[in-house]
Amino acid sequence: MSAPDYVPPTTADKPRSSLALPPPGRWTASRPADLVGGQPTGQRLGRPGPDQGYVLVLVSQFEDRLRLAPGEHRSDVVDGVMAVALRRASMFGRAPVNHDLELAFGMFGFLDDPDSLPPDLVDWRAKAFRGASHDYWERRAIADRVPAGTLRVTPAEARARLGDWRSLVGAGQ
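We now turn to the structure provided with this report. Model, not experiment: these values are computed from the prediction. (Residues numbered from 1 in each chain as written. Predicted model: local features only at pLDDT ≥ 70, side-chain atom pairs only at ≥ 80, totals over all residues. Heavy atoms only, no water.)

**A closer look at the overall build of the protein**
Next up, step 1: Secondary structure assignment for the protein yields eight helices and zero strands.
Next up, step 2: Seen in sequence order, the protein has helices and strands lined up from the N terminus as α-α-α-α-α-α-α-α.
Next up, step 3: For the protein, the C-alpha radius of gyration of 26 Å lies well beyond 16 Å, the compact-globule estimate for 173 residues.
Next up, step 4: In terms of principal-axis extent, the alpha carbons of the protein reach across some 90 × 40 × 30 Å.
Next up, step 5: The 173 residues of the protein split such that 38% are buried.
Next up, step 6: The contacts in the protein between residues at least 6 apart in sequence include a share of 68% that link residues at least 24 apart.
Next up, step 7: Per element, the accessible surface of the protein, about 10,900 Å² overall, is 55% carbon and sulfur.
Next up, step 8: In the protein, 22 positive and 21 negative side-chain charges are present, and the distance between their average locations comes to 6 Å. (Helix = DSSP H or I, 4+ residues; strand = E, 2+ residues; numbered from the N terminus. Rg over C-alpha atoms; globule rule 2.2 N^0.38 Å. Buried < 20%, exposed > 50% of the residue type's maximum accessible area, 1.4 Å probe, protein only. Contact = heavy atoms within 4.5 Å. Areas by Shrake-Rupley, 256 points an atom, 1.4 Å probe, with all protein chains shown as cover. Lys, Arg positive; Asp, Glu negative; His and termini not counted. Charge placed at Lys NZ, Arg CZ, Asp CG, Glu CD.)

What follows is the structure, encoded as structure tokens:
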């Protein structure tokens with residue numbers, strides 16, 4: 001509550017002036033953990049991007065659309081595909097969106113009936129995704145295997161190219 005007008009202010013009640021601080025000096029990356037020259041790139045180093053945890057919200061929208069072959073585990077498929085979707089999102093410098101997951105699930109044929117897919121694709125993906133939910137390095141290998149050109153196509157283009165699935169998912173590498 002403020003004091004009434006008839007009470008004279010004391011010296012302690014008056015605003016004080018602050019000391020003028022000098023401008024900060026030039027910053028340099030001199031600490032041991034500072035990155036010099038930017039984020040390192042290469043196999044199994046990952047690709048950082050903004051708000052990557054949002055993919056966990058988005059993936060729930062695909063749970064009822066997944067078509068798995070016998071012997072494939074939903075958790076392995078989801079974790080491996082999330083790594084691919086996050087790689088695509090970070091290529092564009094943004095958070096993940098539905099199209100990233102649509103492309104990633106579609107390029108491996110997880111949104112189509114396994115009987116309508118090439119049998120060698122179904123066999124390959126069962127081996128490639130086996131244990132991905134338990135092994136970070138397996139997820140990284142799945143994401144790193146996919147060619148960058150594949151990550152730039154639309155989800156519809158990727159699903160249309162399932163006949164040439166080896167070049168689409170990088171299985172020949």
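And the narrative resumes.
**As for the packing of helix α4 (residues 119-129) against helix α5 (residues 136-145)**
Next up, step 1: At their nearest, the axes of α4 and α5 sit 9 Å apart, and the two run at 135° to each other. The pairing of α4 with α5 is recorded here as oblique in orientation. Along its contact with α4, which presents Trp 124, Ala 128 and Phe 129, the element α5 presents Glu 138, Ile 142 and Arg 145.
Next up, step 2: In terms of residue class, the contact of α4 with α5 is made up of four nonpolar, no polar and two charged. (Axes fitted to C-alpha atoms, helices over the stretch in contact; angles between N-to-C directions. Parallel < 35°, antiparallel > 145°, perpendicular 65-115°, else oblique. Nonpolar A, V, L, I, M, F, W, Y, C, P; charged D, E, K, R; others polar.)

**Focus on the nonpolar core**
Next up, step 1: Val 81, Val 84, Leu 101, Phe 105 and Phe 108 are the most contacted members of the largest nonpolar core, which has 40 residues in total.
Next up, step 2: Secondary structure elements with two or more residues in this core: α1 (55-59), α2 (74-91), α3 (98-107), α4, α5 and α8 (165-169).
Next up, step 3: Not counting residues within four places of it along the chain, the set of residues in contact with Val 81 comprises Leu 101, Ala 104, Phe 105, Phe 108, Phe 110 and Phe 129. (Core = buried A, V, L, I, M, F, W, Y, C linked by side-chain atoms within 4.5 Å.)

**Details of α2**
Next up, step 1: In this model α2 runs 26 Å from its N-terminal to its C-terminal C-alpha over 18 residues, within 8% of the 26 Å that 1.5 Å per residue would give.
Next up, step 2: Taken across its 18 residues, α2 has 14 buried, putting it largely inside the fold.
Next up, step 3: Two residues or fewer after α2 comes Gly 93, characterised by a positive phi angle close to 70°. (Expected span 1.5 Å × (residues − 1).)

**Some points on unusual backbone geometry**
Next up, step 1: The backbone phi angle of Asp 51 is positive, close to 50°, even though this residue is not glycine.
Next up, step 2: Tracing the backbone shows Asp 51 in the segment before α1.

**Some points on the packing of aromatic side chains**
Next up, step 1: Tallied over the full model, the rule gives seven aromatic pairs.
Next up, step 2: Ring geometry for Phe 108 versus Phe 129: centroids 4.9 Å apart, planes at 85°, classification edge-to-face. Here the residue Phe 108 occupies a position in the loop between α3 and α4, and Phe 129 occupies one in helix α4, the gap between them amounting to 21 residues.
Next up, step 3: Residue Phe 108 is classed as buried on the basis of its relative accessible area, which comes to 0%.
Next up, step 4: Where Trp 124 meets Trp 165, the ring centres are 5.6 Å apart and the plane angle is 45°; that geometry is what we call tilted. On the criterion of sequence distance, the pair formed by Trp 124 in helix α4 and Trp 165 in helix α8 is long-range, its members being 41 residues apart. Like Trp 124, the residue Trp 165 is buried in the burial classification.
Next up, step 5: In textbook terms, an aromatic cluster arises when at least three aromatic residues are bridged by ring pairs, as seen for Phe 108, Phe 110, Trp 124, Phe 129 and Trp 165. (Phe/Tyr/Trp six-rings, centres within 6.5 Å; stacked < 30°, edge-to-face > 60°.)

Everything listed is a geometric property; what it means functionally is a separate question.
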